[in-house]
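In case you want the letters, here they are:
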Amino acid sequence: MTIKMTNKKLLSHILFAIIFLTAAFSAHSQSVNKKIINIWDNVESMKHCRVIMEVWIPEDCNGSAAIICAGGSYDHLGIVTESYSTAKWFNSNKSAAFILWYRVAKNNWHYPAMMEDIQRAIQLVRTNAGEYKINPDKIATIGFSAGGHLVCWAGEFGNRIDHLKKLGIESTVSLRPNLTIPVYPVVTMDEDIGHAWSRKSLIGKNPSQEERDSLSLEKNVPDDMIPTYLIACQDDPVVIYENSVRLAQALKEKNTDYCFKTYPWGGHGFGMLNNKFMKTFRWNDDLKIWLTEKGFF
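Conventions used here
- Here, residues in each chain are numbered from 1, in the same order as that chain's written sequence.
- A pLDDT threshold of at least 70 governs which residues receive local features in this predicted model, and a stricter bar of 80 or more applies before side-chain atom pairs are shown or counted, although totals over entire chains, interfaces and linings include all residues.
- Water and hydrogen atoms were dropped before computing side-chain values, which therefore reflect all heavy atoms in the structure.
- Secondary structure elements are taken from DSSP: a helix is a run of H or I of four residues or more, a strand is a run of E of two residues or more, and numbering for both begins at the N terminus.
- Three exposure classes are used, based on accessible area relative to the maximum for each residue type with a 1.4 Å probe and protein chains only: buried under 20%, partly exposed in between, and exposed over 50%.
- Contacts were defined at the residue level, with two residues in contact if any of their heavy atoms lie within 4.5 Å.
- Working definition of accessibility: Shrake-Rupley area with a 1.4 Å probe, residue cover restricted to the visible protein chains.
- Take the residue count of a helix, subtract one, and multiply by 1.5 Å to get its expected span.
- Whenever Lys or Arg places a side-chain nitrogen within 4 Å of a carboxyl oxygen from Asp or Glu, that contact is recorded as a salt bridge.

Considering the overall build of the chain
Piece 1. Scanning the chain from N- to C-terminus turns up 10 helices and eight strands.
Piece 2. Residue burial in the chain is summarised as follows: out of 297 residues, 57% are buried.
Piece 3. Sequence separation of at least 24 residues holds for 76% of the intrachain contacts in the chain that already meet a minimum separation of 6.
Piece 4. Just so you have it, the chain exposes about 12,500 Å², and 51% of that area is on carbon and sulfur atoms.

As structure tokens, this is what we get:
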């Protein structure tokens, strides 16, 4: 099998991450223990594959953990704009943060590679809860855009589909997070309002209707869906707002525990950066209230 990411490219990613962390968060680094792992290390069937997960554990960790998935249309990853600021915020609230560099189409990966990565990340975090000073029952996933689709998929399918088993991994823990937070997420694979680039990156140019349906979040909400905090702006020019409306309606119809937080403007890609949207709405303050109510913080 062809190696999808060269060691040279992987090294450049690692060096960039280290440089960015050192420069941007030097004041914070004294209280957070950080390391980088390859989630497929020691898995014989995946020895050709290297997927980075950055581990940030605050010394005063309260036992909660967030696995963070950046957006990028399932083609690339907006780690700097979305993942790093989010990890810093969770750390500031005494929560462990795990930044997942899941596989994307830019490196010739498609479904189900991304799903394998998120399930492996959840398995590793939960299995190594003691080492990471976390409660295995306090694991959230937060994702942006295509990453929002991925983390919500994990919530919908974590106890129905086991992508690790076919890779020779027998998981002894749940592959579903305890909470999920999709932010301006890609939701549907349908053509009417679906995000075409994400769909193409995930399942190709001409997927069957069955393939579309199987990966459309609004069509697959289980009766026992985990608590969900859904965020979207009405003026989103990238992923049409109706995506989140359809997901919220599906969550409501299933009588699940969810919150649909909408904002009149803000567009797409704001992450947790200190931008105009953040300064106006402080959206993570609303999220913090919800997480506190759920016993996460």
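Description of helix H3 (residues 113-127)
Piece 1. Along its 15 residues, H3 runs 21 Å from first to last C-alpha, staying within 8% of the 21 Å computed at 1.5 Å per residue.
Piece 2. The buried fraction of H3 is high, at 14 of 15 residues.

Considerations on the pattern of salt bridges
Proximity of charged atoms lets side chains of opposite charge pair with each other.
Piece 1. Here the structure, examined in full by the defined rule, presents 15 salt bridges.
Piece 2. When the shortest N-O distance is used, the salt bridge between Asp 224 and Arg 176 registers 3.3 Å. Pair noted here: Asp 224 is in the loop between helix H7 (209-214) and strand S7 (228-233) and Arg 176 is in the loop between helix H5 (146-157) and strand S6 (179-183), with a separation of 48 residues, a long-range link.
Piece 3. With relative accessibility at 40%, the residue Asp 224 sits in the partly exposed group.
Piece 4. Residue Arg 176 is classed as buried on the basis of its relative accessible area, which comes to 11%.
Piece 5. The closest approach of N and O atoms between Lys 219 and Asp 213, which form a salt bridge, is 2.7 Å.
Piece 6. Since its relative accessible area comes to 39%, Lys 219 is described here as partly exposed.

Things to note about the environment of Lys 35
Piece 1. Residue placement: Lys 35 occurs in strand S1 (residues 32-38).
Piece 2. Overall, the relative accessible area of 35% leaves Lys 35 in the partly exposed class.
Piece 3. On a C-alpha basis, the gap between Lys 35 and Ile 57 in space is 9.0 Å, while along the polypeptide they are 22 residues apart.
Piece 4. Here Lys 35 is in contact with Met 53, Glu 54, Val 55, Glu 131 and Tyr 132, once residues within four sequence places are set aside.

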